[in-house]
Amino acid sequence: MEPYLAPDGDLRCAWAGGAPEFLAYHDTEWGFPVSDDIRLFEKICLEGFQSGLSWRTILNKRENFRKAFAGFDFHRVAQFDDADVTRLLGDPGIVRHRGKIEAAVNNARRAVEMEAGEGSVAAYLWRFEPGPGEVGVPQTKSTSATSVALSKDLKKRGWRFVGPTTAYAFIQAMGLINDHQHECKTRAEVDAARRMFVPPASI
């Protein structure tokens, strides 16, 4: 796919030109390594909500999601009850899908368990950083051996809406791989960030 020539005259990944709001997300977030548990949990949830929808829809509703889900503080979301689910089902600012809402609450509880067992959510997730041999031509995959393994293990731990495609999109976005196109200006910035990044260790 041909890269996108951005207004500043530099090339970006093709998808960055797909909508006006994509460029800032592409340049400042997508692919940069993340070790913050809250951001990682948020992304897992939002990828789950995206299932069957477009990322543009979710990105445009992200601030609404943050307000509705207590900033994605999984300790707080884990305490949500049936009344909270009913409240969220009536919130027009988010995706009102009962299964996805209940999955986010369930996954918050699983994240609390993961934190207790692994030291942090990040420590667990970064164990699934793909090896160099698995990283192929950028943006030509929707799943990988690692995303299948991550999905399988999360489901074994009781997580929901974490299929292999969702897991791969998470791996791309949170910087476990650098999947920016080779011509993309941001690829070098992500490479530099990854070289400086120290993956969190399990307890």
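Just so it is clear, the structure is predicted and the values come from calculations on it, not from any experiment.

Participant: Explanation requested: the pattern of salt bridges in the structure shown.
Facilitator: Note that side chains of opposite charge can pair when their charged atoms are close. Applying the stated criterion across every chain, the model contains 15 salt bridges. Here K43 makes a salt bridge to E47, at a shortest N to O gap of 2.9 Å. Placement of the pair is K43 and E47 together in helix α2 (residues 37-50), with a separation of four residues, close to one helical turn. Salt bridges here are not isolated pairs; linked through shared partners, they connect E118, R127, D153 and R157.

Participant: Would you mind going over the nonpolar core with me for this structure?
Facilitator: What tends to happen in soluble globular proteins is that the nonpolar side chains get buried as a cluster. If you look at the biggest cluster of nonpolar residues, it comprises 52 residues, and the most contacted ones within it are F41, F49, F65, F69, L125, L150 and W159. Sequence-distant contacts of F65, that is, excluding residues within four places in its chain, are made with L46, F49, I58, F72, I94 and V95.

Participant: Looking at this structure, I do not really get the state of the cysteines. What am I missing?
Facilitator: The term disulfide refers to a covalent linkage connecting the sulfur atoms of a pair of cysteines. For the structure on display, the rule yields zero disulfides. Just so you know, C13 is unpaired, no disulfide at all, and the nearest cysteine sulfur is the one on C184, 3.9 Å from it.

Participant: When you look at the environment of Y168 in this model, what are you seeing that I'm missing?
Facilitator: Turning to its location among the elements, Y168 is positioned in helix α10 (residues 164-173). The class of Y168 is buried, set by a relative accessible area of 6%. Here the alpha-carbon distance between Y168 and S151, two residues 17 residues apart in the chain, equals 8.9 Å.

Participant: Whenever I open this one, helix α9 (residues 145-156) confuses me. Can you help?
Facilitator: Each full turn of the α-helix corresponds to 3.6 residues, which orients residues three or four apart in the same direction. For α9, spanning 12 residues, the distance from its first C-alpha to its last is 17 Å, which sits close to the expected 16 Å at 1.5 Å a residue. Of the residues making up α9, those classed as buried are T146, S147, L150, S151 and L154. Around the axis of α9, the buried residues are gathered within 135° of arc, so they sit on the same side. Exposed and facing more than 90 degrees away from the buried side of α9 are A145, K152 and K156. Directly after α9, the chain includes G158, whose backbone phi takes a positive value near 100°.

Participant: Explain the packing of aromatic side chains here, please?
Facilitator: To describe a pair of aromatic rings, one takes the distance between the centres and the angle between the planes. Applying the stated criterion to the full structure yields 13 aromatic pairs. With a centroid separation of 6.3 Å and an interplanar angle of 65°, the aromatic rings of F41 and F72 are classed as edge-to-face. In this pair, F41 is assigned in helix α2 and F72 in the loop between α4 (62-68) and α5 (74-77), connecting sequence segments 31 residues apart. For F72, a relative accessible area of 0% gives the class buried. Centroid distance F69 to F72: 5.6 Å. Interplanar angle 10°. Geometry classified as stacked. Here F69 matches F72 in class, with each residue buried. An aromatic cluster is defined as three or more aromatic residues linked by ring pairs; in this entry it consists of F41, F49, F65, F69, F72, F74 and F80. The positively charged end of K43 is found above the aromatic ring belonging to W55, 3.6 Å away from the centroid. The ring of F80 carries the charged tip of R87 above its face, separated from the ring centre by 5.3 Å.

Rules and cut-offs
- Residues numbered from 1 in each chain as written.
- Predicted model: local features only at pLDDT ≥ 70, side-chain atom pairs only at ≥ 80, totals over all residues.
- Heavy atoms only, no water.
- Salt bridge = Lys/Arg side-chain N within 4 Å of Asp/Glu carboxyl O.
- Helix = DSSP H or I, 4+ residues; strand = E, 2+ residues; numbered from the N terminus.
- Core = buried A, V, L, I, M, F, W, Y, C linked by side-chain atoms within 4.5 Å.
- Buried < 20%, exposed > 50% of the residue type's maximum accessible area, 1.4 Å probe, protein only.
- Contact = heavy atoms within 4.5 Å.
- Disulfide = S-S within 2.5 Å.
- Expected span 1.5 Å × (residues − 1).
- Arc of directions from axis to C-beta.
- Phe/Tyr/Trp six-rings, centres within 6.5 Å; stacked < 30°, edge-to-face > 60°.
- Lys NZ or Arg CZ within 6 Å of the ring centre and 35° of its normal.

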